[in-house]
Amino acid sequence: MEILAYGVQADEQPLLEKAFAGRHSLRTLAVFLNRDTAPLAAGYPAVSTSVNAELDAGTLAVLAAGGTELIAQRSTGFNNIDLDAAAELGLTVARVSHYSPYAVAEHAWALALAVNRRLTRAANRSREFDFRLDGLLGRDIHGMTVGVIGTGKIGECFARIAAGFGTRLLGWDIAENPACLDLGMTYTELPELLSQSDLISLHVPLLPSTHHLIDTAALARMKDDAILVNSSRGGLVDSAALVETLRTGRLSGVGLDVYEEETGVFFTDQSIQGITDDTLARLVTFPQVLVTSHQAYYTRTAVGQIIDTTARNIDDHAAGRTNENTLVPKG
């Protein structure tokens with residue numbers, strides 16, 4: 001099959017080309033798929049997209065009119081795709097249902113450790129030969145109460161690392177994970193987890209029931225010096241409420257790898273023109289906040305697994321098969 005891959009990062013391109021060699025004809029683009037770039041896919045029976053694609057009904061209609069029959073998304077999340085519209089248009093949609101959970105869990109901990117020990121501020125100072133310790137006081141992770149919201153594969157990996165630090169573990173999910181119970185995790189109601197935890201990390205999917213799970217009320221329940229980490233989906237956190245909480249001097253650290261309005265901003269260079277999102281602009285000005293550009297998954301292991309699964313999804317479609325990654329079967 002002829003494949004057009006959108007939103008391909010420079011590090012990702014050689015891995016894609018290697019995986020598709022001898023299997024499918026591949027063309028890659030750095031631009032993201034949206035209604036404006038969808039016409040570029042005319043004549044391609046399959047497109048591969050990144051998580052920042054805007055696959056609303058209008059974009060999907062353009063793809064279908066151009067002859068596209070398969071959308072193979074290179075991510076686990078698919079809240080950016082109108083699945084009902086895809087089904088109505090006869091488009092097949094597949095995703096990557098899982099990849100290395102260690103990649104995301106390790107990055108979440110990197111964010112937590114960085115904001116706790118003020119590493120960004122320290123690194124910036126040392127570049128200017130300012131080696132003072134003022135304002136760099138952190139806390140031991142050992143002995144903290146760590147709240148894990150969502151204890152699936154990634155949450156479990158995060159909890160294992162937390163256990164290695166010697167922490168007290170609290171968990172919240174719709175079902176208890178036996179592996180987390182074996183680590184000594186106590187499952188509790190969300191308000192209790194929020195009020196007792198020194199460090200809170202989010203690992204739940206974005207659903208209508210979890211949208212703005214961390215809102216004004218949730219933030220108010222958290223300790224004044226708590227650390228909040230979100231490496232899952234931006235929409236889990238009410239960003240405006242988070243800014244207001246930080247403005248009042250609460251929370252000692254916030255690590256964000258995702259942001260609810262990241263589409264069109266993350267994965268792009270905005271350094272010349274700046275950004276028009278006042279909330280994001282305000283967030284990055286707080287000294288205790290560290291924002292990374294949805295890179296938690298971005299390891300050789302995880303990206304390799306994502307690409308291999310995407311290639312298999314396309315192989316299966318070409319052979320008329322579905323698999324566990326198929327979200328919308330062939331119409």
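The structure displayed is predicted, hence computed values, not measured ones.

A.B. asks: Just checking my understanding: could you explain helix H12 (residues 300–318) for this structure?
C.D. replies: The periodicity of an α-helix, 3.6 residues per turn, causes residues three or four places apart in sequence to face the same way. In this model H12 runs 27 Å from its N-terminal to its C-terminal C-alpha over 19 residues, within 8% of the 27 Å that 1.5 Å per residue would give. Those residues of H12 not exposed but buried are Ala302, Val303, Gly304, Ile306, Ile307, Thr309, Thr310, Ala311, Asn313, Ile314, Asp316 and His317. Here the buried face of H12 lies against strand S1 (2–5), helix H1 (13–20), strand S3 (46–49), strand S4 (70–73), strand S5 (92–94) and helix H4 (101–116). Gly320 occupies a position one or two residues after H12 and carries a positive phi of about 80°.

A.B. asks: What exactly am I supposed to notice about the domain arrangement of the chain here?
C.D. replies: It is common to give the size of an interface as the accessible area that goes away when the parts come together. As far as domains go, the chain holds domain 1 (2–99 + 299–328) and domain 2 (101–291). On a C-alpha basis, the centres of domain 1 and domain 2 stand 30 Å from each other. Carbon and sulfur atoms supply 59% of the area that domain 1 and domain 2 bury against each other, a total of about 920 Å² over both sides. Counting every contact that joins domain 1 to domain 2 gives 0 salt bridges.

A.B. asks: Just checking my understanding: could you explain the UniProt feature "domain: D-isomer specific 2-hydroxyacid dehydrogenase catalytic" (unreviewed entry) in the chain for this structure?
C.D. replies: UniProt records the feature "domain: D-isomer specific 2-hydroxyacid dehydrogenase catalytic" (unreviewed entry) at residues 8–326, using the numbering of this structure. The annotated region residues 8–326 carries 35% helix and 13% strand content, and the separation between its end C-alpha atoms amounts to 22 Å.

A.B. asks: Sorry, what's going on with the pattern of salt bridges here?
C.D. replies: Two side chains of opposite charge can pair, provided their charged atoms sit close to one another. In this structure the tally under the stated criterion is 12 salt bridges. Residues Asp315 and Arg23 are paired through a salt bridge, measuring 2.3 Å at the closest nitrogen-oxygen approach. One end of the pair, Asp315, is in helix H12; the other, Arg23, is in the loop between H1 and strand S2 (25–28), with 292 residues separating them in the sequence. A salt bridge links Asp130 to Arg132; the shortest N-O distance between them is 2.7 Å.

A.B. asks: Got a minute to help me understand the packing of aromatic side chains in this structure?
C.D. replies: Ring pairs (aromatic) are described by centroid distance and by the angle formed between their planes. Enumeration according to the criterion identifies 4 aromatic pairs in this entry. With a centroid separation of 4.7 Å and 15° between ring planes, the pair formed by Trp109 and Phe158 is classed as stacked. Highlighted residues: Trp109 in helix H4 and Phe158 in helix H6 (residues 153–165), separated in sequence by 49 residues. What makes Trp109 buried here is its relative accessible area of 2%. Measuring from centroid to centroid gives 5.5 Å for Tyr297 and Tyr298, while their planes differ by 65°, and the two rings are edge-to-face.

Cut-offs and rules
Residues numbered from 1 in each chain as written. Predicted model: local features only at pLDDT ≥ 70, side-chain atom pairs only at ≥ 80, totals over all residues. Heavy atoms only, no water. Helix = DSSP H or I, 4+ residues; strand = E, 2+ residues; numbered from the N terminus. Expected span 1.5 Å × (residues − 1). Buried < 20%, exposed > 50% of the residue type's maximum accessible area, 1.4 Å probe, protein only. Contact = heavy atoms within 4.5 Å. Domains from an automatic or database assignment. Buried area = accessible area lost by both parts, 1.4 Å probe. Salt bridge = Lys/Arg side-chain N within 4 Å of Asp/Glu carboxyl O. UniProt positions renumbered as here; feature names shortened; annotations may be inferred. Phe/Tyr/Trp six-rings, centres within 6.5 Å; stacked < 30°, edge-to-face > 60°.

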